[in-house]
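Residue strings, one per chain:
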Amino acid sequence: MSDDEQHNQQFEQASAGASLTFPMQCSALRKNGHVVIKGRPCKIVEMSTSKTGKHGHAKVHLVGVDIFTDKKMEDISPSTHNMDVPNVNRTEYQLLGVDDGFLNLMNTDGGTKDDVKLPDSKLGEEILAGFEVADTVMVTVTAAMGEEQVTSFKVSNQ
């Protein structure tokens, strides 16, 4: 084996390089934006900045709500430091059916997706009730940091 051969590597999978999060300076964050607090993607609901102390930085106090579990989380960070901001995507799908607690969904291109779980909350019950009576049910799936969950739905009778 030559020296060059040991450096040849086979990669099973390649991606476009889109990361789960991107850095943003704490002072640039805004209310109703998104931020990662304690490893969870959160929507910022409250934000306040304190003045600089005798030796320190101005601090930013963030209060966020987890976009998947609705749990309230808080963090304090110097305004000049970077915080991670999750890449959040919302996609609308048409509901085709429900199998064993998982939704059968169709996107606008006609492709199907069946790995999204029916929410255990009141939202899940409302989706099932809407699916029984309506012609078309459109669900919105929010994806961030490797997680996906149905966050809302619309019912339409054509």
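Look a little higher up for the structure.
None of these values were measured; they are calculated from a predicted model. (Residues numbered from 1 in each chain as written. Predicted model: local features only at pLDDT ≥ 70, side-chain atom pairs only at ≥ 80, totals over all residues. Heavy atoms only, no water.)

Caption draft 1: The arrangement of the overall build of the chain in detail. Counting its regular elements, the chain contains 1 helix and 11 strands. Ordered by position from N to C terminus, the α and β elements of the chain give β-β-β-β-β-β-β-β-β-α-β-β. Split into buried and exposed, the 158 residues of the chain put 29% on the buried side. The contacts of the chain with a sequence gap of at least 6 include a subset with a gap of at least 24, amounting to 47%. Accessible surface computed for the chain: about 10,600 Å², of which carbon and sulfur atoms make up 46%. (Helix = DSSP H or I, 4+ residues; strand = E, 2+ residues; numbered from the N terminus. Buried < 20%, exposed > 50% of the residue type's maximum accessible area, 1.4 Å probe, protein only. Contact = heavy atoms within 4.5 Å. Areas by Shrake-Rupley, 256 points an atom, 1.4 Å probe, with all protein chains shown as cover.)

Caption draft 2: Quick look at the nonpolar core. Core analysis: the biggest nonpolar cluster contains 13 residues, and Leu95, Leu103, Leu105, Ile127, Val139, Val141 and Val150 have the highest contact counts within it. Residue assignment for this core shows that the elements contributing at least two residues are β7 (89–99), β8 (102–106), α1 (122–133) and β10 (136–144). At 3 residues, the largest contribution of residues to this core is made by β10. For leucine 95, the residues in contact, after removing those within four places along its chain, are Leu103, Asn104, Leu105, Ile127, Phe131 and Val137. (Core = buried A, V, L, I, M, F, W, Y, C linked by side-chain atoms within 4.5 Å.)

Fair warning: the whole summary comes from geometry, so function is off the table for now.
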